[in-house]
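An overview of the molecular structure
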Amino acid sequence: MDLLDKIFVAPFRDMVDLPDILVQTLWEGFVAGILYALIALGFVLIYRSSRIFNFAQGVMVVFASLAMIWFNQKGIPAWIALALALVVMLVMAIAIERIVLRPLIGQPDIILFMATIGITLVLIGIGEWWFGGENQAMITDKLGVPGEQWDLRILGGRVSIRQQDVAAVIVAILLVAGLLVFLNRSQMGRAIRALSDDAQAALSVGISLHQIWVLVWFLAGVIALVTGIAWGARVDITFNLQVIAYKALPVLMLGGLDSISGAIVGGLLIGILEKLFEIYWAQPIMGGGSETWFAFVLALIVLLFRPQGLFGEKIIERV
Amino acid sequence: MLYRIAGQYKTSYTADQALFPVRQDAILLGIILVIAYVVFPLTASEYAFKALLLPVLVYALAALGLNILTGYAGQLSLGTGAFMGVGAYACSKLTTIFPEMNFIVAVLLSGFFSAGIGVVFGIPSLRIKGFYLAIATLAAQFFLVWLFEKWHWLNNYTSSGAIETRNFSMFGYYIAGPLAPTVVKYYLALVVVTLVTWLALNLTRGNLGRIWKATRDMDIAAELIGIRLMWSKLYAFAVSSYIIGVAGALFVFVAGDGAEPNAFDIPLSFTILFIAIIGGLGSVMGNFLGAILIVAIPAMLNDIPPLFNLTLESDVQEYINQILVGAMILFFLIIEPLGLASFWGLIREKLIIWPFPH
Amino acid sequence: MNITANPAEAAADPHAGAGEVLLSVNDISLSFGGVKAISDVSFDIRKGEIRAIIGPNGAGKTSMLNVINGFYHPQQGTISFRGEVRSRMRPHEAAKQGIARTFQNVALFRGMSTLDNIMSGRSLKMKANFFWQAIRFGPALREEIEHRRRVEEIIDFLEIQHIRRTPVGRLAYGLQKRVELARALAMEPDLLLLDEPMAGMNLEEKEDMSRFILDVSAQYGTTIALIEHDMGVVMDLSDRVLVLDYGQKIADGTPAEVQANQAVIDAYLGVSH
C-alpha cells in the first residue's frame, strides 16, 4: 500500500503542494532537454546527408570546447579563441572526410557506424594527450555571459534560474533557427537536402559529395562547440562528458534519425520527463540515479509501439 | 607446399562436412591446442597468465557470444558488459545461497540467468532493427548496471554494490579466487572456453547457424523460405547471452578478484565489440585473434619502451592505446571489414598456392 | 511430391492432373495508401501447369505474387490454396504450405555460399532440436547428411556443381538466379512463383533457364507461375497466360488466345484508355 501510494499518489500531491519545486524541476528538465536536442541535432544533420550515425558527435563536443579553452589559456581573447576552435573543427571535418569517409563510400551503414566509433577513440586519445586529462572549466564568463542567477520568489517558494542557462537556451534557439534558414533558403542548404534525399541524383546534377560532407561535418562541429559552451556553463569539461552524447540516442529514437523538429521535440520530452521521473519517483522510491537509464527505457517502450519513433516515417520494406 | 590440398578427396558428405576437411587445418589446430594446454602452463610466468592469457580467454569468450548475436544473426548489441555482469552476479548469488554448489556448476548455471535476461531484452528485436535496436540494448546496459548497484540483495549488501573476492575449492583444492594457483585457474578457464567454443562451432555450422545468417543477410527472404524470425532472434539472444554470462562469471572469479558494478559499464561493452569487429564478425576463430590483439597492445605499450630506455607514463600509454585501437578499427573497416579472420583466410589461400604465385 | 520421380513416367504426361485447381485467387484488391495496385482480380492456377503473368510495367504483377506469398495483405478478397481459403497469411506459413518463390532482385543470402543458401531452403524440413545440433551428433548429424544429399541432387539438376562453395555475392547474375531457383526447389514446393527469372540474361542464359523451368515442371511436377516480359519465352513455356494492366485483369487464356486479344495489344502499345 505504501508503495502504491508512493507511485500513484505522492508524486502528484507533491507537485501540487510544492509548485515552486515543480517549476524548478520543469525548468531544469527544459534546459537539459535543449542541450540533448542540440547534440541530437548534430547527429541528424550528418545522418540526413550521409546516412552515417555519427557516434563521435559527443566527443566532438568535448574536443571543440577543450580547443577553445586551450587557445584562451594561451592568452588569446575568448571570442577569437572561439573562432580558432571553429577552424580546428573545420580541419577535423576535412580530415575525417578524406581519411575515413572517402574510402568507405558505399559500405553498409553498420560499417560506417563502427567507423565513427573508431574516430571517437582516436579523438579521445589525441584529445587527452594534447589537452591533458584534467577537468577544464568552460570560459563562459570570458565570452560575456553573465554568471549570476535570478531567484524568483513565486509560488510560495523559490525558483532559481541561472542566467547562463537562459543564455544557453537563447543561443540554442538562434542556432536552430539559423540552421533551418540555411537549409531551406541557401544554395548549399538545398544541396544538403538534395543529397539526403537521393545521393545518386544529387551527384548527377553536379553536387560535389566531398564538399558537402566537409560542410556538414563542419556544421556538426559548430553545433558541437555551441553545445559544449552551453553544457560547460553547468559542468566542467572532461572527456567523460562525451557520455552525455549517449543521452542524445533516445532522443533520436523518439524523434527519428532524420528529423530536425523530431530532435527538438524529442530532446525536450526526454529532458523534462527524465527530470520529473528522477525527482518525483526515483529519488523517493529507488534512491535516485535513474537518469542513467530512464531515457533509454522510455524510448524503448515508445519504439515497441511505434518502431519508427514518434516522428519517423513508417518503414516500408520493398523486396 | 605446406598447405597442399590437392589429393585430399572426400568420398562422403560426412567427410566433406567435417570441421577441418583440409588436413593441414586440423594439424594447425592440434598445434595450437598443444601450445595452450601444455606449453603455456609449463613456460608462462605469473604475469603472463594474469595480464595476457586469462584476459584473452575471457574476452575471447565474451566476444564469441557477441559475435553469435551480431556477426551471425545480425542483431547489433551494445549491452555486452551488462550481460557479463548478470552472469557474474548470478554466480555470486548462487554460490552465496548454495555454498556447497560446485563452482564450475555455478558458472555453467549462471549462464542461464544471463540467457533469460538476454531473451527479455531481445524481445524488442522482433519489432526494432538496426541502430534503433543497438540503442535499445543500451537501455539494458544502463538499467542493469544501475540495478547491480542498487539492488542490495543481489550484491550481498556491499556498500558499493561490488562482488567480493571469494575462494572456491573442489576436491579440497582451490580452483578459483586469490588462493587458487594461477595455473589451475588458467586450466579452468581454458577448459570452459574450449567446451563452449566447440558447442558454438557446432551450432554455427548447422541448421541454426544458417538460419541466423539468413536472418542477418535478408530477413524478408528468410521468412519466405519458412524461417521463423522470432525464434531465430530469440535463440540468438539466448545462446549469445548464455556465453557472455559465463564469460562474466569467469571474468570476476577466475580472471579477476571480484568486481565493482561499473566494471560492467559501457567501456567493457565496447571493448568486446571491438574484439568482435577486429577479429571478424561471423567468425568463431576471429574472436581469439581479436582478443589477443586487444590485450597485447596495452601490454606491449607497457613492456616495449623500457627496452629502448624510454618510459611512457601510464596515462600516456592509455592515450596511445586508445588511438591505436581506434586506428585499428578504422584500418580494418577500410581495408578488411571481415577482420583478422579474413586476413587469416587470405594468408591461408596464399599458403595453399605457394610456391606458385596464383 | 517425390524428388526422384521417374523422369520418363512424368514426361509422358507432364500435366497429369492439369484439370485440378491448385490455387485460386478471388476478387483480390490491394492498395497502398491511395494507390490501388490490384483491383478485383480473380484467376486460378491448375496443378502441374506453367502459368505466365504478364503485363506492362506497374501492372501489379509482383504485387500479385506478394499477395499469394503472404507478404502483402489484400484489403479485399481471398485466396484458396489446395482447397483451404484464407485472406491473410504470414510468409513463413505460405512457405510451410508449399509455396516457394524467387525475386526480381535476387534475394540470396550474400554472406553464405551457394551450398549454404540452398541448404537454408531445407530448414523447414530440418527437425533436429537444439541439443543435438549443439553437439552435432545423432539426429542433427544424420539430418545434415541426408539433406545435403537432397541438395546435391538439385545442384546436379541445375548444373551448379562448380560454384558450390563460392560466396553467392561473387557470382555472375545469371548464376545467382539459378542458385535462387535451386533454393526454392530445395523447399520441395507444390507451387513455385518465379518473378522475372530471365531478367537481365542473354539469349544463351535464357535458353538454359527455360530448359530448367521445363525440366522442373516435367520432372518434379511442380506447378509454376512466372512473371515474364520476354514474349517468346511466355509463348513457348506457358500453358496459360494471365494479363494484368493497371492492376486489373484484361485477359486470361492460352498463349495464342492472349496474343490475339485486342485489349492486350492495346495495353502493350500504350493506347490510352
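Parameters at a glance
- All residue numbers here refer to positions counted from 1 along the written sequence of the relevant chain.
- Each chain takes a letter, starting from A, and each ligand takes a number, starting from 1, following the order in which they are written.
- Thresholds applied to this predicted model are a pLDDT of at least 70 for local features of residues and 80 or more for the giving and counting of side-chain atom pairs; totals over whole chains, interfaces and linings are not thresholded and use all residues.
- Helix and strand definitions here come from DSSP, where helices need a minimum of 4 consecutive H or I residues and strands a minimum of 2 consecutive E residues; each element is numbered from the N-terminal end.
- We compute the radius of gyration over the C-alpha atoms and compare it with the globule rule, which gives 2.2 Å times the number of residues raised to the power 0.38.
- Note on burial: count the other C-beta atoms lying within 10 Å of the residue's C-beta; 20 or more is buried, 12 or fewer is exposed, in between is partly exposed, and C-beta positions come from the backbone.
- The contact rule is simple: place each C-beta atom from the backbone, and if two of them lie within 7 Å, those residues are in contact.
- Helix axes are fitted only over the stretch in contact, all axes being lines through C-alpha atoms; the angle between N-to-C directions runs from 0 to 180 degrees.
- Roughly parallel covers angles under 35 degrees, roughly antiparallel covers those over 145, roughly perpendicular covers 65 to 115, and oblique covers all other angles.
- Here the term charged refers only to Asp, Glu, Lys and Arg, the term nonpolar to Ala, Val, Leu, Ile, Met, Phe, Trp, Tyr, Cys and Pro, and the term polar to all other amino acids, Gly among them.
- By definition, two strands form a pair when at least two bridges between them are found by DSSP.
- The nonpolar core is taken to be a set of buried Ala, Val, Leu, Ile, Met, Phe, Trp, Tyr and Cys residues joined by way of C-beta atoms within 7 Å.
- Helix span is expected to be 1.5 Å times the residue number reduced by one.
- A residue's pLDDT is the predictor's confidence in that residue, given on a scale from 0 to 100.
- Whether a crossing is left-handed or right-handed is set by the direction in which the near helix is turned from the far one by less than a right angle, anticlockwise for left-handed and clockwise for right-handed.

In this section: the overall build of chain C. Each helix and strand counted, chain C has 11 helices and 10 strands in total. Compactness check: chain C gives a C-alpha radius of gyration of 19 Å against a globular reference of 19 Å for 273 residues, within 12% of the reference. Expressed along its principal axes, the backbone C-alpha trace of chain C runs to roughly 65 × 40 × 40 Å. Expressed as a percentage of its 273 residues, the buried residues of chain C come to 44%. Once local pairs closer than 6 in sequence are excluded, the contacts in chain C between residues at least 24 apart make up 69%.

Glancing now at the overall build of chain A. Secondary structure assignment for chain A yields 12 helices and 2 strands. Listing every helix and strand of chain A by position from the N terminus yields α-α-α-α-α-β-β-α-α-α-α-α-α-α. Computed over the C-alpha atoms, the radius of gyration of chain A is 21 Å, within 12% of the 20 Å expected from 2.2 N^0.38 for a compact globule of 319 residues. Seen through its C-alpha atoms, chain A measures out along the principal axes to roughly 65 × 60 × 35 Å. Taking all 319 residues of chain A together, 46% fall into the buried category. In chain A, the share of contacts with a sequence separation of at least 24, taken over all contacts with a separation of at least 6, comes to 73%.

To continue, consider the environment of Val233 of chain C. Residues and elements named next belong to chain C. Along the chain, Val233 turns up in helix α9 (residues 231–237). Of the residues examined, Val233 has 19 C-beta atoms within 10 Å and is grouped as partly exposed. Between the C-alpha atoms of Val233 and Val243, which are 10 residues apart in sequence, the distance is 15 Å. When neighbours within four sequence positions are excluded, Val233 is seen to be in contact with Met198, Lys206, Ser210 and Glu228.

What follows deals with the packing of helix α3 (residues 46–72) of chain B against helix α11 (residues 266–279) of chain B. All names here are of chain B. Where α3 meets α11, the axes come as close as 8 Å, and the angle between the chain directions of the two elements is 70°. Considering their axes alone, α3 and α11 lie roughly perpendicular with respect to each other. Counting all contacts with α3, which are made through Tyr59, Ala62, Ala63, Leu66, Asn67, Thr70 and Gly71, the residues of α11 involved are Ile272, Leu273, Ile275, Ala276 and Gly279. In terms of residue class, the contact of α3 with α11 is made up of 8 nonpolar, 4 polar and no charged.

All names here are of chain C. Strand order across the open sheet formed by 6 strands is β6-β7-β8-β3-β9-β10, with mixed pairing between neighbours. Looking at which strands have only one partner, the edges of the open sheet turn out to be β6 (99–102) and β10 (248–253). Looking at each pair of strands side by side, their axes are set apart by 15° on average, direction ignored. Pairing analysis gives 5 bridges linking strand β9 (residues 240–245) to β10, with the strands arranged antiparallel. Considered in β10, the bridge of Leu242 is made with Asp252. Strands in contact with helix α7 (residues 173–186) are β6 and β7 (191–195); relative to β6, the strand with the most contacts, it is inclined by about 175°.

So, about the nonpolar core. Ala40 of chain A together with Val58, Tyr59, Ala189, Leu250 and Ile329 of chain B are the most contacted members of the largest nonpolar core, which has 289 residues in total. Apart from residues lying up to four places away in sequence, Ala40 of chain A is in contact with Ala248, Val251, Leu252, Gly255, Ala263, Gly266 and Gly267 of chain A.

Turning to the interface of chain C and chain B, a few remarks are in order. Listed per partner, the contact involves 29 residues of chain C and 24 residues of chain B. In terms of residue count, the dominant contributor to the side of chain C that touches chain B is helix α6 (residues 139–157) of chain C (5 residues). Its residues assigned to classes, the side of chain C that touches chain B shows 13 nonpolar, 7 polar and 9 charged.

Between chain B and chain A, the contact holds 30 residues from the first and 39 residues from the second. Breaking the side of chain B that touches chain A down by element, the ones donating at least two residues are α6 (130–150) and α13 (314–335) of chain B. When residues of the side of chain B that touches chain A are assigned to their parent elements, the largest contribution, 13 residues, is made by α13 of chain B. Partitioned by chemical class, the residues of the side of chain B that touches chain A number 25 nonpolar, 2 polar and 3 charged.

Time to look at helix α4 (residues 78–101) of chain A. Across its 24 residues, α4 of chain A extends 32 Å between first and last C-alpha, which sits within 8% of the 34 Å expected from 1.5 Å per residue. Within α4 of chain A, burial applies to Ala81, Leu82, Ala85, Met89, Met92, Ala93, Ile96, Glu97, Val100 and Leu101 of chain A. Contacts from the buried residues of α4 of chain A go to α3 (57–73), α5 (109–131) and α9 (209–232) of chain A together with α13 of chain B.

All names here are of chain A. By the secondary structure assignment, Gln149 is in strand β1 (residues 149–152). On the basis of neighbour counts, which here come to 13 C-beta atoms within 10 Å, the residue Gln149 falls in the partly exposed class. Between the C-alpha atoms of Gln149 and Lys275, which are 126 residues apart in sequence, the distance is 20 Å. The contact partners of Gln149, leaving out residues within four places of it in the chain, are Ser160, Ile161, Arg162 and Gln163.

Residue and element names in this part refer to chain A. Within the fold, Met92 resides in helix α4. Met92 gets classed as buried once you count the C-beta atoms within 10 Å, which come to 22. In this structure the C-alpha to C-alpha distance between Met92 and Leu123, which are 31 residues apart in sequence, comes to 9.7 Å.

A word on the sheet that holds strand β1 (residues 21–32) of chain C. All names here are of chain C. In space, the 4 strands of this open sheet follow the order β2-β1-β4-β5, with antiparallel pairing throughout. Of all the strands in the sheet, the pair left with one neighbour each is β2 (35–46) and β5 (84–86). On average, each strand axis in the sheet is inclined to that of its neighbour by 15°, with strand direction left out of account.

So, about the confidence of the model for chain C. Detail in the predicted coordinates should be disregarded across regions flagged by low pLDDT. Residue and element names in this part refer to chain C. Overall, the prediction assigns chain C a mean pLDDT of 85, with 92% of residues at 70 or greater. In the model, residues 1–17 has pLDDT below 50 throughout and makes 26 contacts with residues more than four positions away in sequence or in other chains. The ipTM for the predicted assembly is 0.83, set against a pTM of 0.87.

Bringing unusual backbone geometry into the picture now. Peptide bonds are, in most cases, trans, and in most cases residues other than glycine have a negative phi. Unlike most non-glycine residues, Tyr157 of chain B shows phi in positive territory, near 60°. Relative to the helices and strands, Tyr157 of chain B is located in the loop between α6 and β1 (168–170). For Tyr157 of chain B, a count of 8 C-beta atoms within 10 Å translates into the label exposed. Although it is not a glycine, Asp40 of chain C sits at a positive phi angle of roughly 45°. Among the structural elements, Asp40 of chain C can be located in strand β2.

On to the confidence of the model for chain A, then. Overall, the predicted model of chain A reaches an average pLDDT of 82, with 93% of residues at or above 70. Of all secondary-structure elements in chain A, the lowest mean pLDDT belongs to helix α8 (residues 199–204) of chain A, at 71, while α4 of chain A reaches the highest, 89.

Residues and elements named next belong to chain C. Direction of pairing for β1 relative to β2: antiparallel, over a ladder of 8 bridges. Across the sheet, the residue bridging to Leu30 is Ile38, located in β2. Hairpin connection of β1 to β2: 2 residues between the antiparallel strands, including Gly33 at a positive phi of 60°. When β1 meets strand β4 (residues 76–81), the two strands line up antiparallel, connected through 5 bridges. Across the sheet, residue Leu23 finds its bridge partner in β4, namely Phe81.

Residue and element names in this part refer to chain A. As a packed pair, α3 and α5 sit with axes 10 Å apart at the nearest point and diverge in direction by 20°. With respect to α5, the element α3 is oriented roughly parallel. Considering how the two elements wind past one another, α3 and α5 form a crossing that is left-handed. On α5, the residues that touch Val59, Val62, Phe63, Leu66 and Trp70 of α3 are Thr120, Leu123, Ile124, Gly127 and Phe131. Looking at the contact of α3 with α5 residue by residue, the class counts come to 8 nonpolar, 2 polar and no charged.

Spanning 12 residues, helix α10 (residues 244–255) of chain A covers 17 Å between terminal C-alpha atoms, matching the ideal 16 Å at 1.5 Å per step. Among the 12 residues of α10 of chain A, 11 are classified as buried, and the element is accordingly described as predominantly covered. The set of residues buried in α10 of chain A consists of Ala245, Tyr246, Lys247, Ala248, Leu249, Pro250, Val251, Leu252, Met253, Leu254 and Gly255 of chain A. Packed against the buried residues of α10 of chain A are α2 (19–50), α3, α11 (260–286) and α12 (294–305) of chain A together with α6 of chain B. Positioned one or two residues after α10 of chain A, Gly256 of chain A has a phi angle of 90°, which is positive.

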